[in-house]
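# Architecture and fold: a report
One-letter residues, chain by chain:
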Amino acid sequence: MAAATLCRRTAVSFRTLSVTSSKSVFSANTHSVFLLQTASYNPKPLKLNLREPYIPDKNSEKTPEWQKTARYDRKLFGRYGSASGIDPASLWPSHDQLDKIIEEEKEWHPTLEVMLQNIEAKEKQETEKRLAKEKLIAANMAKMPKMIADWRREKHETKQKQKEEKAQRTKLLAEARERFGFTLDPRSPKFLEMVAEIEKENKKKQKLLKRRLKMEQTAAPIAPPTTSS
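Here is a short report on the structure shown in this document. (Residues numbered from 1 in each chain as written. Predicted model: local features only at pLDDT ≥ 70, side-chain atom pairs only at ≥ 80, totals over all residues. Heavy atoms only, no water.)

Take the overall build of the chain next. Assigned secondary structure in the chain consists of five helices and zero strands. Along the chain, from the amino end to the carboxyl end, the secondary structure elements read α-α-α-α-α. Across the 229 residues that make up the chain, the buried fraction comes to 8%. A fraction of 13% describes how many contacts in the chain between residues 6 or more apart in sequence connect residues 24 or more apart. As displayed, the chain offers around 22,000 Å² of accessible surface, 59% of which is attributable to carbon and sulfur atoms. (Helix = DSSP H or I, 4+ residues; strand = E, 2+ residues; numbered from the N terminus. Buried < 20%, exposed > 50% of the residue type's maximum accessible area, 1.4 Å probe, protein only. Contact = heavy atoms within 4.5 Å. Areas by Shrake-Rupley, 256 points an atom, 1.4 Å probe, with all protein chains shown as cover.)

As structure tokens, this is what we get:
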């Protein structure tokens, strides 16, 4: 029984190896045939109909608009020549188009003389701009000492004014405390009313003083002129 089982297993293994070998050989043969067919492929050349070129009918509604333009006419004439039926004179630009082309050439491709003139003008402009800037800096530097002196004077005057205002406010607070017997808020109506009254009295005193000085100058005796011997 063992011998029979061994024989059956040997037969199955032999059949499996035979089928695998056959598949490998078939695959190799198929690949070789495909390579040979690819290497021997020789496509036929396309037939060009040079005797009857395609000329679109511009009067037909089926013809695209881009095939009715002058640009397409130039392509047709360049490809087929006189067989395209296009008049070469119609391909030249008009006077307006030619003037526009010349202006564009002058703008984008100027001559050497024009380029040198542009460079010279640009350098001259930059030089004038630099000189104007240097002149302005020199003028400001010349004014600098006076500007510094004015700034210091204004700063000193501002400090002096603040000092005088502080002293005046302290004096008014002291006078208000002496008049009312207690310290007032500088923003209170009573304090503001007192300040207005004091300013009114000061103006009255200054007016009287000016009048007195004027009267004294008027009443002063006029000295007689001295006679020369």
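Generally speaking, soluble globular proteins have nonpolar side chains that are buried together. Ranked by size, the top nonpolar core spans seven residues in total: Leu172, Ala176, Leu184, Phe191, Met194, Val195 and Ile198. Listing elements by their share of this core, those giving two or more residues are α4 (112–180) and α5 (189–219). If we skip the residues at most four places from it in the chain, Met194 touches Leu172, Glu175, Ala176, Arg179 and Phe180. (Core = buried A, V, L, I, M, F, W, Y, C linked by side-chain atoms within 4.5 Å.)

Taken together, the side chains of Ile137, Met141, Met144, Met147 and Ile148 define a hydrophobic patch exposed on the protein surface, amounting to about 460 Å² of accessible area. Relative to the assigned elements, Met147 resides in helix α4. (Patch = residues over 30% accessible without salt bridge, like charges linked within 9 Å, V, L, I, M, F, W, Y side chains within 5 Å. Salt bridge = Lys/Arg side-chain N within 4 Å of Asp/Glu carboxyl O.)

Another point: the packing of α4 against α5. Between α4 and α5, the least distance of the axes is 11 Å, while the angle of their chain directions is 105°. Between α4 and α5, the interaxial angle falls into the category roughly perpendicular. Note on element contacts: α5 touches α4 through Lys190, Phe191, Met194, Val195, Glu197 and Ile198, opposite Leu172, Leu173, Glu175, Ala176, Arg179 and Phe180. In terms of residue class, the contact of α4 with α5 is built from eight nonpolar, no polar and four charged. (Axes fitted to C-alpha atoms, helices over the stretch in contact; angles between N-to-C directions. Parallel < 35°, antiparallel > 145°, perpendicular 65-115°, else oblique. Nonpolar A, V, L, I, M, F, W, Y, C, P; charged D, E, K, R; others polar.)

It is worth spelling out the environment of Ile198 at this point. Within the fold, Ile198 resides in helix α5. Apart from the residues within four sequence positions on either side, Ile198 is in contact with Leu172, Glu175 and Arg179.

As a further point, take the side chain of Thr63. On the secondary structure map, Thr63 appears in the loop between α1 (2–39) and α2 (70–80). Overall, Thr63 belongs to the buried group, its relative accessible area being 9%. Setting aside anything within four residues of it in sequence, one finds Thr63 in contact with Pro56, Asp57 and Lys68.

Moving on to the pattern of salt bridges. Throughout the structure, instances matching the rule amount to eight salt bridges. Here Lys146 makes a salt bridge to Asp150, at a shortest N to O gap of 3.0 Å. Taken as a pair, Lys146 and Asp150 lie in helix α4 at a separation of four residues, close to a single helical turn. Here Lys146 falls in the exposed class, since its relative accessible area comes to 57%. Given the relative accessible area of 22%, Asp150 is considered partly exposed. Between Arg153 and Asp150 there is a salt bridge, and its shortest N-O distance comes to 3.5 Å. Of this pair, Arg153 and Asp150 both sit in helix α4, separated by three residues, roughly a single helical turn. A single network of salt bridges, built from pairs that share partners, joins Lys146, Asp150, Arg153 and Glu157.

Scope: geometric values only; no functional claims are made or implied.
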